[in-house]
Amino acid sequence: MVRRAGKADLAAGLAVAALMLPEAVAYAGIAGLPAVRGIVSAIAGCLVYAALGRSRFAIVSPTSSSAAILAAALASLSAGPTDAGSLATLAVLLVGAFFLGAAALSLGALASFVSRPVVRGFAFGLAITIVLRQLPTLLGIPAGGADLPRLVAHLAAQLPAANGATALTGAAALAVLLLLRRFHWLPGVLLVLLAGIAASWFLGLPGRGVATVGRIVLALAPPAMPALSWATFARLVQLVVPLVLILFTESWGTIRTLALRHGDQVLPGRELAALGAANLAVGLLQGMPVGAGFSVGSASEAAGARSRWAGVTAALAMAAAVIVAMPWIALLPRAVLAAVVIAALAEALNPAPLLRLWQLGRDQYVATAAALGVLALGIVNGMLFAILLSVAAVIRRMAAHDLVRLGQLPGTHDFVDVARHPEAEVSPWVEIWRPAQPLFFANAESVLGAVSRNTADGTATVIVSLEQSYDLDTTALEALVEFDERMSKRCHQLLFARVRDPIRDLLRKAGATDLVARSYYSVADAAAVAGEDTQPPA
């Protein structure tokens, strides 16, 4: 069994290395950094995560989203070319520090605050942005355009000046990559890379104006820290925050999805620490941010990885390939790398997940707004906008004061929404209300006020079910006490149902023992008491 697992991990590692190498070089180009940074990051990220992480499929390496956000962050700081490398190093070290700090504070659950629809919308807008920014390399025209509208205008203006040999090389590579996606057993990326190198050699593509990767120098040096003003450093920290959030959201989503498929156990705190250590190591090696990308993780799973040794094998194979095949890699056309990036983002460009949200009628507006935010505001501001959308969606949903009136299903102890179940029985003297959201400072007064407004004057007893509320803050507590006083003045007996023990403890500490005495663990118990105590008005 061990020998079989070792062979499987060896085969999977070799297959993953063939995908990691061109992606690492291409993503370094997206970030505006030398190719060696992407290669070193992929090797170190895999090795450190294999030592500390727990996912047997996750491959920690540069990702397209982190590369694009890093590029936008560096551009927004208006640093000169000589400063970009040291700023990138500092940014990666800050990413690692943020991850380790979040792990120490057990903040892994914060990734859940960036909702999946928002992530899908952001990924869709980011994919469009990255693809558009790869088109100059694919077509052999000068890069340009600070924002997306200017980039589109630049592409349209420069299209007649495209290099024919470059455009043909890039288009052919992209077409073959998309075609080979149908044959999962074929190493499509590796075959295209080899074909690109062969074409560059035999057809003399560099002499025809086709840009190539060029010589990659694997020289390690101590990280150089830039001399920054406090304002610039503070701005860099602000820009690193969305980078950390998207990296962990993407990485944890990948790790958790792959773990659930195979019944593996992973903990967000442990993964935060592993990602933090990986980014610190990469930063010390002057690399770029790393995370667990879904495409390469899925490739590891599909290749039959059995353990984290697959990642170690991939890192070592990639290092060996770079050392041995360095002269050949230098011949690789950059248009082929652009094609690899675009092909890798083909799935993210599929609008089906967004269209499904419109079909379901849920979260479609926040997802669409997240996509448009990236396109209109840029990557960093678009990411911040997407995070704000997630938080705003949570607040809006929590702050709503939706009320459900309950009635009893005949012959049962079940109380259900009378609007959905017309057969449910209601008493003319007892009204049972259930807030659809937990009570907290933003909605407690409005929710309880709605109960008061909707209660008929002739109602003898009002039951409020607090099943959605696990605990109360002080604002909700005071609103509950004030609500009881208002209902008493209107001659309504007030009972509470589904009251959890933490709320009972809080009421006792606040001296509201009378409310505790009128609190019940079930709606049926409260309704039974109301039926016994309530007398029709004369």
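Residues numbered from 1 in each chain as written. Predicted model: local features only at pLDDT ≥ 70, side-chain atom pairs only at ≥ 80, totals over all residues. Heavy atoms only, no water.

Caption draft 1: Quick look at unusual backbone geometry. Of note in this structure, Gln286 is not a glycine but carries a positive phi near 60°. Located in the positive-phi region is Cys491, a residue other than glycine, with phi close to 65°. Locating Cys491 in the fold gives a position in the loop between helix H19 (474-489) and strand S7 (493-497). A residue is classified by how much of its surface remains accessible, and Cys491, at 65% relative accessible area, is exposed. (Helix = DSSP H or I, 4+ residues; strand = E, 2+ residues; numbered from the N terminus. Buried < 20%, exposed > 50% of the residue type's maximum accessible area, 1.4 Å probe, protein only.)

Caption draft 2: Main features of the confidence of the model for the chain. On average, the chain scores 84 in pLDDT, and the residues at 70 or more come to 93%. When mean pLDDT is compared element by element in the chain, strand S1 (residues 60-61) scores highest at 94, while helix H17 (residues 379-399) scores lowest at 75. Segment residues 534-538: pLDDT under 50, and seven contacts once partners within four positions in sequence are set aside and those in other chains are kept. (pLDDT = per-residue confidence, 0-100. Contact = heavy atoms within 4.5 Å.)

Caption draft 3: Molecular detail of the packing of aromatic side chains. Counted according to the given criterion, the structure contains six aromatic pairs. The interplanar angle of 15° and the centroid separation of 6.3 Å between the aromatic rings of Phe248 and Trp252 together place this pair among those described as stacked. With Phe248 and Trp252 both in helix H9 (residues 230-262) and four residues apart, this pair spans about one turn of that helix. A relative accessible area of 6% means that Phe248 is categorised as buried. Measuring from centroid to centroid gives 5.2 Å for Trp358 and Tyr365, while their planes differ by 75°, and the two rings are edge-to-face. Exposure remark for Trp358: the relative accessible area of 43% places this residue in the partly exposed category. Put simply, the rings of Phe99, Phe248 and Trp252 pair up and form one aromatic cluster. (Phe/Tyr/Trp six-rings, centres within 6.5 Å; stacked < 30°, edge-to-face > 60°.)

Caption draft 4: Structural view of the packing of helix H7 (residues 164-180) against helix H14 (residues 334-344). H14 packs onto H7 with a crossing angle of 35° between their chain directions and a minimal axis gap of 8 Å. In this structure, H7 meets H14 at a crossing whose hand is right-handed. Between H7 and H14, the contacting residues are Thr166, Thr169, Gly170, Ala173, Leu174, Leu177 and Leu178 on the first element and Ala335, Val336, Ala339, Val340, Ile342 and Ala343 on the second. Class assignment for the residues of the contact of H7 with H14 results in 10 nonpolar, three polar and no charged. (Axes fitted to C-alpha atoms, helices over the stretch in contact; angles between N-to-C directions. Left-handed = near helix turned anticlockwise from the far one by under 90°. Nonpolar A, V, L, I, M, F, W, Y, C, P; charged D, E, K, R; others polar.)

Caption draft 5: Expanded view of the pattern of salt bridges. Here the structure, examined in full by the defined rule, presents seven salt bridges. Residue Glu467 is joined to Arg434 by a salt bridge in which the shortest nitrogen-to-oxygen separation is 4.0 Å. Of this pair, Glu467 sits in the loop between strand S6 (461-465) and H19 while Arg434 is found in strand S5 (residues 430-435), placing the two residues 33 residues apart along the sequence. Both residues of the pair, Glu467 and Arg434, belong to the buried class. Ionic pairing is found between Arg518 and Asp514, a salt bridge with its closest N-O pair at 2.4 Å. Taking relative accessible area as the criterion, Arg518 reaches 14% and is therefore assigned buried. Among the ionic contacts, a cluster of salt bridges with common partners joins Arg434, Glu467 and Arg498. (Salt bridge = Lys/Arg side-chain N within 4 Å of Asp/Glu carboxyl O.)

Caption draft 6: Geometry of the side chain of Ser519. With respect to the element layout, Ser519 can be found in the loop between helix H21 (513-517) and helix H22 (523-533). The buried category is assigned to Ser519, whose relative accessible area is 6%. In contact with Ser519, not counting residues within four places along its chain, are Phe496, Val499, Arg504 and Leu507.

Caption draft 7: Looking closely at the packing of H9 against helix H11 (residues 294-302). For the pair H9 and H11, interaxial distance at closest approach is 10 Å and the crossing angle is 25°. Classified by the interaxial angle, the pair formed by H9 and H11 is roughly parallel. Remark: the crossing between H9 and H11 carries right-handed chirality. Of the residues in H11, those touching H9 at Thr254, Thr257, Leu258, Arg261 and His262 are Phe294, Gly297, Ser298 and Glu301. Along the lines of polarity and charge, the residues of the contact of H9 with H11 split into two nonpolar, five polar and two charged. (Parallel < 35°, antiparallel > 145°, perpendicular 65-115°, else oblique.)

Caption draft 8: Region of interest: the pairing of strand S3 (residues 403-408). Both S3 and S5 contribute to a ladder of three bridges, which runs antiparallel. Looking across to S5, one finds that Leu403 is bridged to Pro435. Taken together, the three bridges between S3 and strand S4 (residues 415-417) define a ladder with antiparallel strand orientation. Pairing of Gln408 across the sheet is with Phe415, part of S4. (Pairing = 2+ DSSP bridges.)

Caption draft 9: The arrangement of the nonpolar core in detail. The biggest cluster of nonpolar side chains holds 108 residues, and the ones touching the most others in it are Met20 and Met318. The contact partners of Met318, leaving out residues within four places of it in the chain, are Ala17, Met20, Leu21, Ala24, Ile39, Ala42 and Ile43. With 24 residues, the next largest nonpolar core counts Trp433, Ala476, Leu507 and Val516 among its residues. (Core = buried A, V, L, I, M, F, W, Y, C linked by side-chain atoms within 4.5 Å.)

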